[in-house]
Amino acid sequence: MNDSRMTSGYETGAGGTSPGEGTRAVRAGLPDPVKHEPTLPGPVFAAHFHLPGDPTGPYTYGRDENPTWTLLERAIGELEAPGQDGVETLVFPSGMAAISSVLFSQLRTGDVAVLPNDGYQALPLVRAQLETYGIEVRTAPTGGDAQLDLLDGARLLWIETPSNPGLDVCDVRRLAEAAHARGALVAVDNTLATPLGQRPLELGADFTVASGTKQLTGHGDVLLGYVAGRDAEAMAAVRRWRKIAGAITGPMEAWLAHRSIATLQLRVDRQNATALTLAQALRERPEVTGLRYPGLPDDPSHKIALQQMRRYGCVVSFTLPSQARADRFLDALRLVDDATSFGGVRSTAERRGRWGGDAVPEGFVRFSVGAEDPADLVADVLRALDESAG
Ligand SMILES: *Cc1c(COP(=O)(O)O)cnc(C)c1O
């Protein structure tokens, strides 16, 4: 028995009708009620568990399994693959641990992997590492489904949509079909969308992988990652990788993450709606160019986003005329922290070019919309734009 594949009773409750997403989020992964026990049991701190006799599971040693992970894995599985049987979810201590677990458990010397060239900024480091193992890595941009042209002979296709920080979108169904026709596995980095924004497994992916550090947990206080997939053999390899790399989540972090998921739908709806409002306000500003938000009807990503996403994320990106102007703008903001990362309840923004990794203009700003009152946030941004004009 694999606990992370089980779903809790409510999904078949209420006369068999499936619950809405808010209901699913607040109840995700909860155990059946037990008198005098809390609704969400607290973190289980254990390096080992009582284990007399034959060493059978589920809980033997703390690097293999932990009951607090089990509940969180169930919760994430219920959001990524509601109503789907046989999907297994594994949590990791960071998004990068999750990404590495898929790439390094699935690829062998001589294999070909197709990655995006405009994805998360650590992917070039991953590429270099894969190449030291004799794995061929090909890259293409996310937009225009450009990875399609590189699939011949590929063993694994890695998709990141919407891409971070450029917010291009690719057609997951189309890419997954083409990859599968060539015998390749497909993984989608679902960090930016969250499982309430898109469900890659339903779009044909073999793995949905994400950093839970961002909007999934949403408070900027936990690092987390996860992998969900339905191919039992592939997931067994991911699980084995977690065990041998020892890439495991602390029980406290797992519990905080689970607690945070209860408000996922509230946060996502608020933050994403405000992101659209902010994008619309920025569109009116002459100093703003290259404005991107997949939820804007005239955004280049919108058409495909509309087909495969149910929500468009909380990240808006745009370019100000110069590095100096962008720095003055970020300084002038009062409700927005100048910080990296995204998805938290407190808005953050940064000049992305300061890291040097992404191919973006010097004045490029990645803006993560938080849960502030929309009118306050938009007023703060417009004031900061005015004040930074000088
Ligand atoms: C942040 C991020 C990651 C890495 O996640 P960590 O939790 O920081 O390790 C991977 N992919 C995307 C798209 C991200 O935004």
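See above for the structure.
Residues numbered from 1 in each chain as written. Predicted model: local features only at pLDDT ≥ 70, side-chain atom pairs only at ≥ 80, totals over all residues. Heavy atoms only, no water.

## Brief notes about the overall build of the protein chain
Within the protein chain, the secondary structure is distributed over eleven helices and twelve strands. Considered along the principal axes of its C-alpha atoms, the protein chain spans approximately 75 × 55 × 40 Å. Relative to its full complement of 390 residues, the protein chain shows a buried share of 56%. Within the protein chain, residue pairs in contact and separated by at least 24 positions form 69% of the contacts whose partners lie at least 6 positions apart. Accessible surface, the protein chain as shown: approximately 16,000 Å² in total, 54% of it carbon and sulfur. For the protein chain, the separation between the mean place of its 38 positive charges and that of its 49 negative charges on side chains is 1 Å. (Helix = DSSP H or I, 4+ residues; strand = E, 2+ residues; numbered from the N terminus. Buried < 20%, exposed > 50% of the residue type's maximum accessible area, 1.4 Å probe, protein only. Contact = heavy atoms within 4.5 Å. Areas by Shrake-Rupley, 256 points an atom, 1.4 Å probe, with all protein chains shown as cover. Lys, Arg positive; Asp, Glu negative; His and termini not counted. Charge placed at Lys NZ, Arg CZ, Asp CG, Glu CD.)

## Regarding the side chain of Glu287
Following the sequence through the fold, Glu287 ends up in the loop between helix H8 (264–283) and strand E8 (289–292). With a relative accessible area of 14%, Glu287 lands in the buried category. One polar contact links Glu287 to Arg285, side chain to side chain, over a distance of 2.8 Å. A polar atom in the side chain of Glu287 sits 3.0 Å from the side chain of Arg325. (Polar contact = N/O pair within 3.5 Å; in protein donor to acceptor, adjacent residues only side chain to side chain.)

## So, the pattern of salt bridges
All told, the structure shown has 28 salt bridges when counted by the stated rule. Among the ionic pairs, Glu350 bridges to Arg354, the shortest N-O distance being 2.9 Å. The exposure class assigned to Glu350 is buried, which follows from its relative accessible area of 0%. Between Arg351 and Glu362 there is a salt bridge, with its nearest N and O atoms 2.8 Å apart. (Salt bridge = Lys/Arg side-chain N within 4 Å of Asp/Glu carboxyl O.)

## Some words on the packing of H8 against helix H11 (residues 374–387)
Look at H8 against H11: their axes get within 10 Å of each other, and the N-to-C directions meet at 35 degrees. Between H8 and H11 the crossing geometry is right-handed. Contacts between H8 and H11 involve Arg270, Thr274, Thr277, Leu278, Ala281 and Leu282 on the former and, on the latter, Pro374, Leu377, Val378, Val381 and Leu385. Grouping the amino acids of the contact of H8 with H11 by side-chain chemistry returns eight nonpolar, two polar and one charged. (Axes fitted to C-alpha atoms, helices over the stretch in contact; angles between N-to-C directions. Left-handed = near helix turned anticlockwise from the far one by under 90°. Nonpolar A, V, L, I, M, F, W, Y, C, P; charged D, E, K, R; others polar.)

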